[in-house]
Amino acid sequence: MRFSLPLILCLFFTINVVAQSSIAKPPEFGKSFVINKKSTDFKMLGHDESGMYFQVEHNALKNFFLIGYNDRSSGKLIKVDNQLNKVFNKDYSSALKGKGLIQLVTLNKKFYLLAAEVKNKNTEVIIQAAPINKSTGELDGAWVSLETLTKANKKDEVNFNIFYNPDSTSLIITSRIEGKSKSSYHVTKFDQNFHSTPKKVVLSNNFAPENYDVEDLIYTDHNRIILVGKVYENIDNVKKKQRPLTFSHLNTIIYDENGTQLKVIDTKIPGINLNTTRVFLKDKKVILTSFYSNKLTGNVTDGLLVKEIDILSGDIISNVETNINPSMLVSAVTNGTAKPGFSAYLKFISLHFSPDGNIIIVSEAYNQVKVVRRTYGNRPDGAFLPTSTNYQTICDSGEILICNIKPDKGIEWLKIIPKKQSETHNEGETRRTKTTAVGKTIETTSKPYYSGILSFSQDKYLQIIFNDYEVNGAITSVEQKPKLIKKFKKSAAYMVSIDMNNGNTSRKLLFSNSKKPILMPRHSIYTDNTLYMVGLKVINLNKTKGTLGKFYF
């Protein structure tokens, strides 16, 4: 089962945006501050009349095992006032003694520190919360236990996720105890005062763990729980012990607040391999989106599925299953070289609605790989063995695909914004350190830092912000070939504006990153005509600085 905690960022610019306008005055920056070289995640927690709140953390924990090692997780809360001056920078290492940081959350305008503690010979994981004083950053009360997850067997895996409901008025804890038998999913809802629902909801399905892979779990504002997963089947005519699994179909189950199944929707994908799936919520509708391929292995996406489902009844409102290919693009290829196809690594970024009610889907080609580099040398006894092992994470972000879909009809238009970004993160040597909370660290979603995109809608325009070389500054259509960007300190921030009615596109330069902290678009947040962003600058291997600032357009 794969959940991921939503990880945003903590140090921000503020931009007031008016579509198609120019910058009114140069950016304003606050003082920079040093970020610990071991920091793995940054997250904006919110803002009020007194300032903004940001989180910096290290190695957030989610999965706990009987065997394994991990670094103790910790974190900081940083507050800045409305003039971007630092109010406090509070480290919670002492408060988290014996516990692992999960995240900081805000409910009913109050902040809480969430942590996990392992007890009873690593058979129990206890999720706890402590209130935080917003004026000082100090803990403002005792730790309170929210949930205790108990293993039935020492070899079982405890997996949990904590997230908000869509309107952020409640906190949801979902957990799964995974063993050899069929898995069950536990859901607990907490209100704004951290009072839980009368009972924990237990969800079940009829699939064995090896035949089922959770794609998403959502608790809606209408007290509906939606579980979406991939179902795999055994290939016939193969010996049982060697029998491989192949993707069969997408399974969506809608439950009420008591865990009773209301509707089961099995979706057979037109292709034979599901590349990626994401669920979006809009009013009383669930919008299920999937990219698929016609081959089990390959480097192209061949089709798109978009299904609208009524949250309350579970009825299908509209359904679009269609092949997609470069011949459907808004701009025709003029250089005589046909695009071979859309990337198999397309990931859904965001979903919007055009003024005429069509669905606008934004996706980006993204692939992340881990590289191990070993150095060998001779020992004094003559043996030729590894002397050091270094780990790298390589993040490749490619083309942006925008789809305009008319429900129950099909695709109105497709648009490609070409780009090629790549960044490499040196993780250093891995050192195993035994701690009392035996477990495994989850992989952070903070990477990539400088590549990737931010997308949001304004009136009839879809706005997309990303970093690029200035030599690529005029690229807006598929026939143009971008230069690969790796040195982001030589880049600039650009905004592409797309008319959601017809796909017409324009692009403009926002600012250069050469003399400023480098913009981190995918960690930015747009709300109420204000865009909060972070600038990050690596000084050397041991020192990184973040800076807050303001831009006006």
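This text goes with the structure placed above it.
These numbers were taken from a predicted model, which means no experiment stands behind them.

> What should I look at first to understand unusual backbone geometry in this one?
Negative phi characterises most residues that are not glycine, and trans characterises most peptide bonds. Notably, Asn108 is not glycine yet its phi reads approximately 55 degrees, a positive angle. Positionally, Asn108 belongs in the loop between strand S9 (100–107) and strand S10 (110–119). With a phi close to 70 degrees, Asp408 is a non-glycine residue in the positive phi region. Within the secondary structure, Asp408 sits in the loop between strand S29 (384–406) and strand S30 (410–417).

> So what exactly am I meant to see when it comes to the sheet that holds S10 here?
Sheet strands line up and pair through hydrogen bonds in the backbone, either parallel or antiparallel. What the four strands build is an open sheet, ordered S9-S10-S11-S12; its pairing is antiparallel. Single-partner strands in this sheet number two, and they are S9 and strand S12 (144–150). Shown here is a sheet whose adjacent strand axes are inclined to one another by a mean of 25 degrees, direction ignored. In this structure, S9 lies alongside S10, joined through seven bridges in antiparallel fashion. Within the sheet, the bridge partner assigned to Leu101 lies in S10 and is Ala115.

> Sorry if this is basic, but what is going on with the nonpolar core here?
As a rule of thumb, soluble globular proteins bury nonpolar side chains together. Formed by 22 residues in total, the largest nonpolar core has its most connected members in Leu401 and Ile405. Elements represented by at least two residues in this core include exactly strand S22 (285–293), strand S24 (303–310), strand S27 (346–353), strand S28 (359–378), S29 and S30.

> Just to check I follow, could you spell out a positive patch on the surface for this structure?
Together, Lys483, Lys487, Lys489, Lys490 and Lys537 make up a region of like positive charge exposed at the surface. Mapped onto the secondary structure, Lys483 falls in the loop between strand S34 (461–468) and strand S35 (492–499).

> Whenever I open this one, the sheet that holds S34 confuses me. Can you help?
Read from one edge of the open sheet, four strands run S33-S34-S35-S36, paired in antiparallel fashion. Every other strand in the sheet has two partners, leaving strand S33 (454–458) and strand S36 (505–512) as the edge strands with one partner each. Across the sheet, the mean angle from the axis of one strand to that of its neighbour is 25 degrees, orientation sign disregarded. Pairing of S33 with S34, which is carried by five bridges, proceeds in the antiparallel orientation. Residue pairing across strands places Phe456 opposite Gln463, the latter belonging to S34.

> Can you walk me through the packing of aromatic side chains in this structure?
What describes a pair of aromatic rings is the distance from one ring centre to the other and the angle between the planes of the rings. One pass over the structure, following the stated rule, counts nine aromatic pairs. Between Tyr450 and Phe488, the aromatic rings sit 5.8 Å apart at their centres with planes inclined by 40 degrees, giving tilted as the arrangement. Taken together, the residues span a long stretch of sequence, with Tyr450 in the loop between strand S32 (440–441) and S33 and Phe488 in the loop between S34 and S35 at a distance of 38 residues. The class of Tyr450 is buried, set by a relative accessible area of 9%. Pairwise contacts between aromatic rings join Tyr112, Phe190 and Phe194 into one cluster.

> So what exactly am I meant to see when it comes to the side chain of Ser248 here?
By the secondary structure assignment, Ser248 is in strand S19 (residues 245–255). Leave out the neighbours within four places in its chain, and Ser248 touches Val231, Tyr232, Glu233 and Lys268.

> Any chance you could explain the pattern of salt bridges here in plain terms?
Any two side chains of opposite charge can pair, so long as their charged atoms come close to each other. By the definition in use, this model includes ten salt bridges. Notably, a salt bridge pairs Lys419 with Glu364, separated by 2.6 Å at the nearest N-O pair. Of the two residues, Lys419 sits in the loop between S30 and strand S31 (421–428) while Glu364 sits in strand S28, which places them 55 residues apart along the sequence. For the residue pair Lys419 and Glu364, the accessibility class agrees, reading buried in each case. We note a salt bridge from Asp468 to Arg507, for which the minimum N-O separation is 3.0 Å. Taken together, the residues span a long stretch of sequence, with Asp468 in strand S34 and Arg507 in strand S36 at a distance of 39 residues. In this pair, the class of Asp468 matches that of Arg507, namely buried.

Conventions adopted
- Residues numbered from 1 in each chain as written.
- Predicted model: local features only at pLDDT ≥ 70, side-chain atom pairs only at ≥ 80, totals over all residues.
- Heavy atoms only, no water.
- Helix = DSSP H or I, 4+ residues; strand = E, 2+ residues; numbered from the N terminus.
- Pairing = 2+ DSSP bridges.
- Axes fitted to C-alpha atoms, helices over the stretch in contact; angles between N-to-C directions.
- Core = buried A, V, L, I, M, F, W, Y, C linked by side-chain atoms within 4.5 Å.
- Buried < 20%, exposed > 50% of the residue type's maximum accessible area, 1.4 Å probe, protein only.
- Patch = residues over 30% accessible without salt bridge, like charges linked within 9 Å, V, L, I, M, F, W, Y side chains within 5 Å.
- Areas by Shrake-Rupley, 256 points an atom, 1.4 Å probe, with all protein chains shown as cover.
- Salt bridge = Lys/Arg side-chain N within 4 Å of Asp/Glu carboxyl O.
- Lys, Arg positive; Asp, Glu negative; His and termini not counted.
- Charge placed at Lys NZ, Arg CZ, Asp CG, Glu CD.
- Phe/Tyr/Trp six-rings, centres within 6.5 Å; stacked < 30°, edge-to-face > 60°.
- Contact = heavy atoms within 4.5 Å.

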